[in-house]
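Remarks on the overall topology
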Amino acid sequence: MNAALFVLPLLAIPALAQIIDSPDEVVAGIPVNYTEAKAGWFELPDPLTGSDGKPVTDPATWNEVQRPRILGIVEANQYGRVPPRPEAMAFDAFDEGTPAFDGSARRKQVTITFDKAGEQFLDLVVYLPAESEGDCPVLLNIGWVANNLAVDDPGVKVGRSWNKEAQRREPATEGGPFGKLRMIPLALERGYAVAHFNYADIEPDDVNGFAHGIRHHFLGEGQEGQSKPGAEDWGAIAAWGWGISRVIDYFETDAEIDASRVAITGVSRLGKTVIWAGARDERVACVLASVSGSGGASLNRRRYGERPAHLVERFPHWFAAKFASWVGREEEAPWDSHFILSLIAPRAVLLQTGSTDKWSDPYGEFVAARAATPVFHLLGRKGIEDFPQPPLGEPMMNRLGYLMHDGGHGMIPDDWPVFLDFMDKHL
Ligand code: GCU
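Residues numbered from 1 in each chain as written. Predicted model: local features only at pLDDT ≥ 70, side-chain atom pairs only at ≥ 80, totals over all residues. Heavy atoms only, no water.

1. Examining the domain arrangement of the chain
Under the domain assignment used here, the chain contains domain 1 (3–79 + 285–426) and domain 2 (90–265). Distance from the C-alpha centre of domain 1 to the C-alpha centre of domain 2: 27 Å. Taken together, the 22 residues of domain 1 in the interface contact 26 residues of domain 2. Roughly 2,100 Å² is buried in total at the junction of domain 1 and domain 2, and carbon and sulfur atoms are behind 62% of that figure. The three residues of domain 1 that bury the most area against domain 2 are His317, Trp416 and Leu420, which together make up 31% of that side's buried surface. (Domains from an automatic or database assignment. Contact = heavy atoms within 4.5 Å. Buried area = accessible area lost by both parts, 1.4 Å probe.)

If you want it as structure tokens, here you go:
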């Protein structure tokens, strides 16, 4: 039986209204629906139907024809195309293994520069378990703040923060609890290296951030005369994910790290980022996406919580300009977020959501995962085999996995052991 025929009846979510007549909330002047019965009755395009309308039934056709085709569709229409690794890229490993955290870890720091002048760069910090003897699997976190604010370690280089009011980067000297990476001790104990970089090193997260980041730097290479990226060129999410790929370029040069066992994680907009980075870069072995929501794993078609309309109104810089042209006609789009998840197959991906985080439409993420599952099957792996959802806090740990914690938007300490168990199982 065609996989789509198997999936689609399960996706037929009962609905009453085409239009939300009584919104549960209004954000940026756009209605928000939180009533399941109004979420829409829709069909999803089948990731296993080729351009000729025929089913894709073997891994070779998937890998050689269908996967590149789908990748191109999502790239052009949602996140935008990225440039290759820059020729001028260089690694300055200025800290090559200093004892840290009372001797439980060894710290490395590397500045990755993207241009000859060294104006475009990111700072990476890596903690290895003290007893690690090389080829250590690594959890890479793309984080919200500079490395020195993400960890309690006075030896870390002071990074940069974006000052929105002044519209400039400044030394990251002050930070509160926000953005702290608290799972490091647990990950080290379980034999993983942990790495961190600040997403704003690639481009500040601001509608005007473009002028200060990597996308602007690359304008001019083949885009002479343009003042901004073209309709299908990279938005900030693709740029942040491009930064993840450049860190993996570095891992490939470091004998202490096993670049074939890289897990990547990020929360919220950075959950969206890790999903897309994992979809694009096949060197990513495992994606742990926390509350990625709309513009991440939840479906554009579902009229529930945040929608593409909200995204392009409030965060236009995150996406390729063309994404906005699909607002209001999501059901005509040749893709939805299950395509993005299917691009990660057969590599591992865990979607972590929160039960009260309605804005992110956690159930929409589950439905998308279910719809991506036939691609995992084609490649000999399991995905979401049971419908409906498991109870709160009970993870589904297949190659394509799902966890809904009891709580809201974010990653909570109870999620950490699940992430590490998932890595143990799939790395
Ligand atoms: C906003 C946005 C979400 C995003 C979140 C975040 O709430 O609407 O799409 O995930 O910010 O990144 O914290």
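2. A word on the packing of aromatic side chains
In the structure shown here, the tally under the stated rule is 21 aromatic pairs. Taken together, the ring pairs connect Tyr79, Trp276, Phe315, Trp318, Phe319, Phe323, Trp326 and Trp335 into an aromatic cluster. A cation over an aromatic ring shows up here: Arg329 above the ring of Trp326, its NZ or CZ 4.0 Å from the ring centre. (Phe/Tyr/Trp six-rings, centres within 6.5 Å; stacked < 30°, edge-to-face > 60°. Lys NZ or Arg CZ within 6 Å of the ring centre and 35° of its normal.)

3. Points about the site of the ligand
Near the ligand, the surroundings consist of Trp144, Ser268, Arg269, Lys272, Glu306, Leu311, Arg314, Phe315, Trp318, Trp359 and His409. At a separation of 2.8 Å, an oxygen atom of the ligand approaches a polar side-chain atom of Lys272. Between the ligand and the protein, one listed contact pairs an oxygen atom with a side-chain N or O atom of Arg314 at 3.2 Å. Protein coverage of the free-state accessible area of the ligand, which is 320 Å², stands at 85%. Sorting the residues of the shell around the ligand by element identifies α7 (269–280) and α8 (308–314) as the ones contributing at least two each. Residues of the shell around the ligand, tallied by class, amount to five nonpolar, two polar and four charged. (Near = heavy atom within 4 Å. Polar contact = N/O pair within 3.5 Å; in protein donor to acceptor, adjacent residues only side chain to side chain. Areas by Shrake-Rupley, 256 points an atom, 1.4 Å probe, with all protein chains shown as cover. Helix = DSSP H or I, 4+ residues; strand = E, 2+ residues; numbered from the N terminus. Nonpolar A, V, L, I, M, F, W, Y, C, P; charged D, E, K, R; others polar.)

4. Remarks on the sheet that holds strand β9 (residues 193–198)
Note on sheets: strands pair through backbone hydrogen bonds, and any given pair is parallel or antiparallel. The nine strands are arranged β3-β4-β5-β9-β6-β10-β11-β12-β13 in an open sheet whose pairing can be described as mixed. Edge positions in the sheet fall to β3 (90–100) and β13 (400–405), since each of these pairs with one other strand and no more. Across the sheet, the mean angle from the axis of one strand to that of its neighbour is 20 degrees, orientation sign disregarded. Two elements, strand β11 (residues 286–290) and strand β12 (residues 348–354), share five bridges in a ladder whose sense is parallel. Bridge pairing links Ser290 to Gln352 in β12. Across the sheet, helix α11 (residues 415–426) is in contact with β6 (136–143), β10 (257–267), β11, β12 and β13; its angle to β12 comes to roughly 165 degrees. (Pairing = 2+ DSSP bridges. Axes fitted to C-alpha atoms, helices over the stretch in contact; angles between N-to-C directions.)

5. Description of the pattern of salt bridges
By the definition in use, this model includes 31 salt bridges. The salt bridge involving Glu36 is made with Arg302; its shortest N-O contact spans 2.7 Å. Linking Glu36 in the loop between β2 (30–32) and α2 (59–79) with Arg302 in the loop between β11 and α8, this pair joins segments that are 266 residues apart in sequence. Overall, the relative accessible area of 0% leaves Arg302 in the buried class. One salt bridge connects Glu256 with Arg106, and the closest N-O pair in it is separated by 2.6 Å. Of the two residues, Glu256 is situated in the loop between α6 (236–251) and β10 and Arg106 in strand β4 (residues 105–113); the sequence distance between them amounts to 150 residues. Among the ionic contacts, a cluster of salt bridges with common partners joins Arg85, Arg246, Asp249, Glu252, Asp281 and Arg283. (Salt bridge = Lys/Arg side-chain N within 4 Å of Asp/Glu carboxyl O. Buried < 20%, exposed > 50% of the residue type's maximum accessible area, 1.4 Å probe, protein only.)

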